[in-house]
2 protein chains.
Amino acid sequence: MSASSDSPVVKALVFDVFGTVVDWRSSLIADFTQWGAGRGIEADWAGLVDAWRAAYMPSMDEVRKHPERGYLALDTLHRQSLERLVTQFAITGLNDDDLAYMTLGWHRLKPWADSVSGLTRLKTKFVIGTLSNGNVALLTNMAKQAGLPWDLVLSAELFAHYKPDREVYLGAARLLGLAPEQVMMVAAHNNDLKAAQDLGLKTAFVPRPTEYGPLQKKDFKADGNWDVVATDFNDLAARLGS
Amino acid sequence: MSASSDSPVVKALVFDVFGTVVDWRSSLIADFTQWGAGRGIEADWAGLVDAWRAAYMPSMDEVRKHPERGYLALDTLHRQSLERLVTQFAITGLNDDDLAYMTLGWHRLKPWADSVSGLTRLKTKFVIGTLSNGNVALLTNMAKQAGLPWDLVLSAELFAHYKPDREVYLGAARLLGLAPEQVMMVAAHNNDLKAAQDLGLKTAFVPRPTEYGPLQKKDFKADGNWDVVATDFNDLAARLGS
């Protein structure tokens with residue numbers, strides 16, 4: 001941990017969201033289990049959710065590989081993957097409203113226990129914002145429902161690129177009116193921090209070892225030379241003097 | 001006032017900021033008068049501030065007329081205008097830091113007396129965001145200092161266009177994931193509302209008859225068929241049932 005980690009040079013903290021701020025897996029499984037019971041639909045919801053998340057990286061790669069098709073926001077990618085997966089998981093009886101409800105499940109994700117209190121503390125000292133592959137509407141609706149006290153919502157969508165493309169990290173610094181080293185990326189994913197660090201941003205790692213449930217294979221701990229490693233958002237606030 | 005004004009169809013309110021949410025003229029005159037006294041600089045601060053604001057529309061027109069130069073954010077336009085005006089007003093002894101301080105005066109603007117309380121009420125029922133020609137950093141810093149409780153910061157900068165260009169209003173609805181008629185533009189300026197209404201957005205007028213001080217020539221009252229006309233933000237909250 002470098003001496004610069006809590007230096008006043010850092011003015012803004014930008015946060016990865018899925019997995020770092022919110023617990024997408026438990027949230028979606030609980031949401032669909034309850035909703036499915038009410039709708040009389042039985043399914044392997046955990047399997048569907050895991051497969052849906054597994055489709056996330058490949059779906060963004062398709063956007064990267066085909067710039068001629070234009071940028072597709074994450075809500076659109078989620079919907080496309082879902083349509084394929086409900087067939088694969090043999091979930092029948094879903095109408096268009098049901099698919100819309102499920103896709104909007106990503107707007108209803110619940111925060112980890114320390115997220116709101118930690119962010120509230122960090123907000124007293126820093127500009128805090130999202131920097132997520134989620135689209136602006138998704139992040140805005142999520143914040144509203146979960147009580148996440150962002151100063152601003154920054155999204156890959158604003159740059160028509162997905163992380164870890166450089167345009168997202170540098171675009172965030174530009175919109176904040178800051179140099180990259182005045183912005184700290186906070187994430188539970190080492191690869192996100194690596195991309196940010198390579199572009200000059202400061203970095204903070206917060207492990208979320210249950211993010212993928214029994215499927216978690218990596219990111220149990222920091223594996224880079226990050227500026228800060230904290231146990232949760234309240235520990236991060238303490239380490240940054242807020 | 002149409003029956004649809006407080007219909008649940010409206011999900012988000014987006015606000016013009018300069019003049020509508022904050023009192024730029026009194027704020028800047030007070031800021032520079034106090035700062036100038038401390039720095040030993042005497043000047044016609046009111047005259048400078050009025051001339052600076054008068055340069056606002058023409059400076060955005062230049063951006064519109066010269067797309068080949070690329071989009072210039074409002075902080076940059078403010079700085080360019082200021083450099084010309086300090087010469088015109090024969091204000092001497094300003095160094096680069098002074099010019100930066102003055103330009104950032106637009107980040108330090110103070111809200112009207114009803115702005116924070118009204119926005120806080122509106123936030124309980126609607127997504128509330130800026131939709132200003134101010135750049136993202138300006139709006140973010142302003143909100144932080146003034147306690148403006150935005151759910152998100154939307155700016156002309158995100159669309160590389162200035163209001164009243166259509167890209168700004170339609171871009172805001174797109175990022176919010178809403179149809180134009182689900183978004184209400186709130187402004188103290190009839191021309192802003194006219195542009196929004198022509199594109200299908202809902203409209204709310206809140207007069208700020210002292211915005212331009214003794215120079216105010218228009219916008220004393222609503223002069224279009226706006227969905228809502230309110231006396232201030234708390235009245236707007238009451239009329240929208242929040």
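Residues numbered from 1 in each chain as written. Chains lettered and ligands numbered in written order. Predicted model: local features only at pLDDT ≥ 70, side-chain atom pairs only at ≥ 80, totals over all residues.

Colleague: Can you help me understand the overall build of chain A in this one?
Modeller: A count of helices and strands for chain A gives 10 helices and six strands. Compactness check: chain A gives a C-alpha radius of gyration of 18 Å against a globular reference of 18 Å for 242 residues, within 12% of the reference. Overall, chain A is about 55 × 40 × 30 Å in size when its C-alpha atoms are taken along their principal axes. Of the contacts formed within chain A by residues at least 6 apart in sequence, a portion of 65% connects residues at least 24 apart. (Helix = DSSP H or I, 4+ residues; strand = E, 2+ residues; numbered from the N terminus. Rg over C-alpha atoms; globule rule 2.2 N^0.38 Å. Contact = placed C-beta atoms within 7 Å.)

Colleague: Looking at this structure, how should I read the sheet that holds strand 5 (residues 202-205) of chain B?
Modeller: Strand pairing in a sheet is mediated by backbone hydrogen bonds. Such pairs are either parallel or antiparallel. Residues and elements named next belong to chain B. Spatially, six strands are ordered 3-2-1-4-5-6 in an open sheet, and the strand pairing comes out parallel. The open sheet has two free edges, formed respectively by strand 3 (152-155) and strand 6 (228-229), since each of these has just one partner strand. With four bridges joining them, strand 1 (residues 12-15) and strand 2 (residues 127-132) adopt parallel strand pairing. Bridged to valine 14 within strand 2 is glycine 129. (Pairing = 2+ DSSP bridges.)

Colleague: How should the relation of the copies chain A and chain B be read in this particular structure?
Modeller: Relating one copy of the chain to the other requires a rotation about an axis plus a shift along that axis. With an RMSD of 0.0 Å, chain A superimposes on chain B once it is rotated by 180 degrees and translated 0.0 Å along the axis. The two molecules are tied by a two-fold rotation axis, judged by turn and shift. Closest approach to the rotation axis within chain A is made by the C-alpha atom of leucine 152 of chain A, at a distance of 2.5 Å. Interface residue correspondence from chain A to chain B reaches 100%, placing this contact among same-surface, isologous pairings. (Least-squares fit on C-alpha atoms with pLDDT ≥ 70 in both.)

Colleague: Explain the packing of helix 4 (residues 74-88) of chain B against helix 5 (residues 96-103) of chain B here, please?
Modeller: For any two helices packed against each other, the geometry is given by the interaxial angle and the distance between the axes. Residue and element names in this part refer to chain B. Where helix 4 meets helix 5, the closest approach of the two axes is 10 Å, and the angle between their N-to-C directions is 125 degrees. Our classification of the angle between helix 4 and helix 5 gives oblique. Read as a crossing pair, helix 4 and helix 5 show a hand that is right-handed. Contacts between helix 4 and helix 5 involve Asp75, His78, Arg79, Leu82 and Glu83 from the first element and Leu99, Met102 and Thr103 from the second. When grouped by side-chain class, the residues that make up the contact of helix 4 with helix 5 number three nonpolar, two polar and three charged. (Axes fitted to C-alpha atoms, helices over the stretch in contact; angles between N-to-C directions. Parallel < 35°, antiparallel > 145°, perpendicular 65-115°, else oblique. Left-handed = near helix turned anticlockwise from the far one by under 90°. Nonpolar A, V, L, I, M, F, W, Y, C, P; charged D, E, K, R; others polar.)

Colleague: Would you explain the environment of serine 115 of chain A in this entry?
Modeller: All names here are of chain A. Here serine 115 is to be found in helix 6 (residues 115-123). The spacing of serine 115 and asparagine 190 is 75 residues in sequence and 19 Å in space, taken between C-alpha atoms. Beyond its immediate stretch of four places on either side in the chain, serine 115 contacts Val21, Leu148 and Phe233.

Colleague: What is the right way to look at the interface of chain A and chain B in this model?
Modeller: Contact residues are listed per partner, giving 14 residues for chain A and 14 residues for chain B. Elements with a minimum of two residues in the side of chain A that touches chain B: helix 7 (136-146), strand 3 (152-155) and helix 8 (166-176) of chain A. When residues in the side of chain A that touches chain B are grouped by element, the largest group, five residues, is from helix 7 of chain A. Each residue belonging to the side of chain A that touches chain B can be placed in one class, and the counts come to nine nonpolar, two polar and three charged.

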